[in-house]
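# Architecture at a glance
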Amino acid sequence: MQNDVLTIEQVLSDWARGAFQAAFPDSIPDGLSVGVVPTADERFGDYQCNAAMSLAKALKKPPREIASALAAAARPEAVAKAEVAGPGFVNLFLDPAWMAGRLEQLGDDPRLGVPGPGRGRTVVIDYSSPNVAKPMHIGHIRSTVIGNALDRLHRFLGWRVIADNHLGDWGTQFGLLIMGFRHFADPAAYETAPIEELERIYVKSYERSKEDPAWLDAARAELVKLQQGDPENRRLWQSFVEHSLREFNRIYERLGVSFDLVRGESHYNDRLPGVIERLEEKALARESEGALVVFLDDEKMPVCIVRKSDGAYNYATTDLATVAARAEEFAPDAVIYVTDERQQLHFRQIFAIAKKMGVATRLVHVWFGLMRLPEGTFSTRQGNVIKLERLLDEAQTRALAVVKAASPEMPAEQQGAVARAVGIGAVKYADLSQNPQSLVTFTWEKALALDGNSAPYLQYACARIASVLDKYRERFPGQDPAAHPIRLTEPIERRLAVRLLRFPEAVVHAAEAFKPNLLADYLYDLAQTYSTFYQNVPFLKAEAGPRESRVRLCELTMKTLRQGLSLLGIETPERI
RNA sequence: GUACCUGUAGCUCAAUUGGACAGAGCAUCUGACUACGGAUCAGAAGGUUGCAGGUUCGACUCCUGCCAGGUACGCCA
């Protein structure tokens, strides 16, 4: 299983395409997808090809006749039966013996059959990206958790991933922050809880600026000094960044998130004038109302300001400089931005301008819906923000209560570790299991769910399997299940097997669509199927032979769940 | 005003991107020999997919028009 690994779906799709081409040479339209998809209902087989219906027009033949050509063609060994159904579906049934053989191979494959389409390719993923001097709140979890899952997925698929935390470290707020720090800072508080202190300072300074124009002017002057490289302001700014990062890192550590690069907006500061020059050279930007703007009429988008009338640059300029810098330094095949929906227009503009400037890299904006509270949007001003750390604390506390109740004999230290994995896993999974683009309303109940479609359900399934495997070794010492073949006899075994074989497809689809929820859905379905199997088919009590075959299915299920959850950034303790 | 997004079971969400009878979880109700871990399983009930048209073999999905909510729209990021 090396470079040319394909998913079953890909193998069958290739086969269908080839069979149609052989049957109807030169008459298959180019753009038409002639693939195979998994069936929704197992009565219709394991995979189905729906192409005959869409080919009917082009070929001027009845769809069932076209479908028959595929059903009659020589089949790959994986397919036991191909039959035409309904208006022209071709239902494909996998061969149980072939499936068993394939499962045995997967047991020896650390990649569980997942291909490596990303090999030799590079992707930059820009995610999390909190603002310096502001606490991370529950709104930040989506970018961090979704971005991290995309990061892990791409890495596993062979990509060279550069995870870049593009900190908001260069805004107008720093003038106010510097003024505030000089006048109101409490050094002790700054050391123990820097972000809280910076936030307090900022709010105070901001309020002062509203009633005192001289204060605002002074803040502006400090900002200019900072941007011109004044050593004292520079030192303060550096300190704000470092202290903020210290707190961010504490959260990242709890979440199991790490970056290859942590480059804030300031990193691209020196390149801003160059961006403007290039825009002017290419006659893309022009003066309007004192500012320098790029018109995007052809793209049917509003103008984009790249230099303000006071001569200062804004975030559009920074993002353009960032794209250019990344393209030069890493020559990536794609750059992925994970931010909330509010930045859709912004990135559409940036991507359009970057293209005009000659950046050929594929640029993708993976946006997600805003996090809201039941009573509406939250904002610092309304004072209803929920800090991310509090959410994580709460999750662990609730998980710990459950662990203590369920496993009172477990050592306290282990209970703590389990509670951490379960609590953090629940929070992450709550986000990863739904379509990123849907708007989410935050509720404690949902974020911390421990049953149903949740991380703990999946973790529980893993722990139960681990326990089964232990018991097997206890009761049948020295026996190796792998010495016995896998046999799929019970219907539920076959159902479980089909799902195990589909893991590679789930991983590939989740990455291609930038939707971790596709993988989460798959894992939940797998775990549910396993639970049914577990509850209804005896294995340790079965006779030798079926017993080992079933133990092997258990083991493979555990590996798949573990691998899948790990791609979502969720841990699976041996015992929970 | 313009653009983008969302609207699916009482609630929270899926639906392989145009496929077969729209699926899960929560909540509700009924069951499961101390079971290989009950954080589980088996089952019941729950739907005019916001509304109205259209496209076609076939629509939650695509097009048009409404309704409701969200977000963004020249000097904040």
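Not measured: the values here are computed from a predicted model.

Here the focus is the sheet that holds strand 9 (residues 301-307). Strands sit in the order 7-8-9 across an open sheet of three strands; the sheet is antiparallel. Among the strands making up the open sheet, the edge pair consists of strand 7 (285-288) and strand 9. Adjacent strand axes in the sheet meet at a mean angle of 45 degrees when their direction is disregarded. Two elements, strand 7 and strand 8 (residues 291-296), share four bridges in a ladder whose sense is antiparallel. Residue pairing in the sheet places arginine 286 in a bridge with valine 293 of strand 8. Against the sheet, helix 13 (residues 344-357) touches strand 8 and strand 9, its axis set at about 75 degrees to strand 9.

Around RNA strand B, the structure places 68 residues, and the nearest of them are Arg43, Asn91, Lys308, Tyr315 and Lys471. Among the atoms of RNA strand B close to the protein, meaning within 4 Å, 58% are from sugar or phosphate groups. One nitrogen or oxygen atom from the side chain of lysine 446 is found 3.4 Å from a sugar or linking oxygen belonging to RNA strand B. Taking leucine 540, its main chain carries an N or O atom lying 3.0 Å from a base oxygen of RNA strand B. The element contributing the most residues to the surface near RNA strand B is helix 20 (residues 516-536), with nine residues. Grouping the constituent residues of the surface near RNA strand B by class yields 31 nonpolar, 21 polar and 16 charged.

The four strands are arranged 1-2-4-3 in an open sheet whose pairing can be described as antiparallel. The two strands at the open ends of the sheet, each matched to only one other strand, are strand 1 (36-38) and strand 3 (79-85). Sheet twist, expressed as the average angle between the axes of neighbouring strands with direction ignored, equals 25 degrees. Relative to strand 2 (residues 47-49), strand 1 is paired through three bridges, and the arrangement is antiparallel. Note that in strand 2 the partner of proline 38 across the bridge is tyrosine 47. The sheet contacts of helix 1 (residues 8-23) involve strand 1, strand 2, strand 3 and strand 4 (89-94), and relative to strand 1 the element is tilted by about 145 degrees.

When pLDDT is averaged along chain A, the result is 92, and 97% of the positions lie at 70 or above. The least confident element of chain A is strand 12 (residues 371-372), whose mean pLDDT is 79; the most confident is strand 6 (residues 160-164), at 98.

Let us now look at the packing of helix 18 (residues 491-501) against helix 20. Running from N to C, helix 18 and helix 20 cross one another at 160 degrees; their axes reach a closest spacing of 9 Å. The angle between helix 18 and helix 20 places the two elements in the roughly antiparallel class. When the axes of helix 18 and helix 20 are compared, the crossing they make is left-handed. The segment helix 18 lies against helix 20, with Ile492, Glu493, Arg495, Leu496, Arg499 and Leu500 engaging Tyr522, Asp525, Leu526, Thr529, Tyr530, Thr532 and Phe533. The class makeup of the residues in the contact of helix 18 with helix 20 is seven nonpolar, two polar and four charged.

Under the counting rule described, the total for this entry stands at zero disulfides. Distance from the sulfur of cysteine 554, which forms no disulfide, to the nearest cysteine sulfur (cysteine 462) is 12 Å.

Taken as a whole, this structure holds 34 salt bridges when the rule is applied. As a salt-bridge pair, arginine 142 and aspartate 431 come within 2.8 Å of each other at their nearest N and O atoms. Of this pair, arginine 142 sits in helix 5 (residues 140-156) while aspartate 431 sits in helix 15 (residues 412-432), and the two are 289 residues apart along the sequence. The class of arginine 142 is buried, set by a relative accessible area of 0%. Of the charged contacts in the structure, one is a salt bridge between arginine 155 and aspartate 151, with a shortest N-O distance of 2.7 Å. Pair noted here: arginine 155 and aspartate 151 are both in helix 5, with a separation of four residues, about one helical turn. Overall, the relative accessible area of 3% leaves aspartate 151 in the buried class. The network of salt bridges with shared partners includes Asp126, Asp164 and Arg326.

Thresholds applied
- Sequence order as written defines the numbering, with residues in each chain counted from 1.
- Chains carry letters and ligands carry numbers; both start at the beginning, A for chains and 1 for ligands, and go up in the order they are written.
- Given that this is a predicted model, residues contribute local features only at a pLDDT of at least 70 and side-chain atom pairs are listed and counted only at 80 or more, while totals for whole chains, interfaces and linings are drawn from all residues.
- The basis for every side-chain value is the complete set of non-hydrogen atoms in the structure, without hydrogens or water.
- Think of it this way: DSSP has to see at least two bridges between two strands before they count as a pair.
- Only DSSP runs of H or I reaching four residues or more are called helices, and only runs of E reaching two or more are called strands; each is numbered from the N terminus.
- For helices, the axis comes from a line fit to the C-alpha atoms of the stretch in contact; other axes are also lines fit to C-alpha atoms, and the angle between any two N-to-C directions lies between 0 and 180 degrees.
- In this description, contact between two residues means that some pair of their heavy atoms is separated by no more than 4.5 Å.
- For this description, a residue counts as near a given molecule or strand if any of its non-hydrogen atoms is within 4 Å of it.
- Here a polar contact means two N or O atoms within 3.5 Å. Within protein one must be a hydrogen donor candidate and the other an acceptor candidate, and residues neighboring in sequence count only if both atoms are side-chain atoms.
- Under this grouping Gly is polar, as are all residues other than the nonpolar Ala, Val, Leu, Ile, Met, Phe, Trp, Tyr, Cys and Pro and the charged Asp, Glu, Lys and Arg.
- Here pLDDT means the predictor's own confidence in every residue, given as a number from 0 to 100.
- Relative orientations are named as follows: roughly parallel for angles under 35 degrees, roughly antiparallel for angles over 145 degrees, roughly perpendicular for angles from 65 to 115 degrees, and oblique for any other angle.
- Left-handed is the label given to a crossing in which the near helix is rotated counterclockwise from the far helix by less than a right angle, and right-handed is the label when the rotation is clockwise.
- Two cysteine sulfurs form what is called a disulfide whenever their separation falls within 2.5 Å.
- The salt bridge criterion pairs a side-chain nitrogen of Lys or Arg with a carboxyl oxygen of Asp or Glu, the two atoms within 4 Å.
- Only protein chains enter the accessibility calculation, which uses a 1.4 Å probe; a residue is then buried when its area is under 20% of its type maximum, exposed when over 50%, and partly exposed in between.

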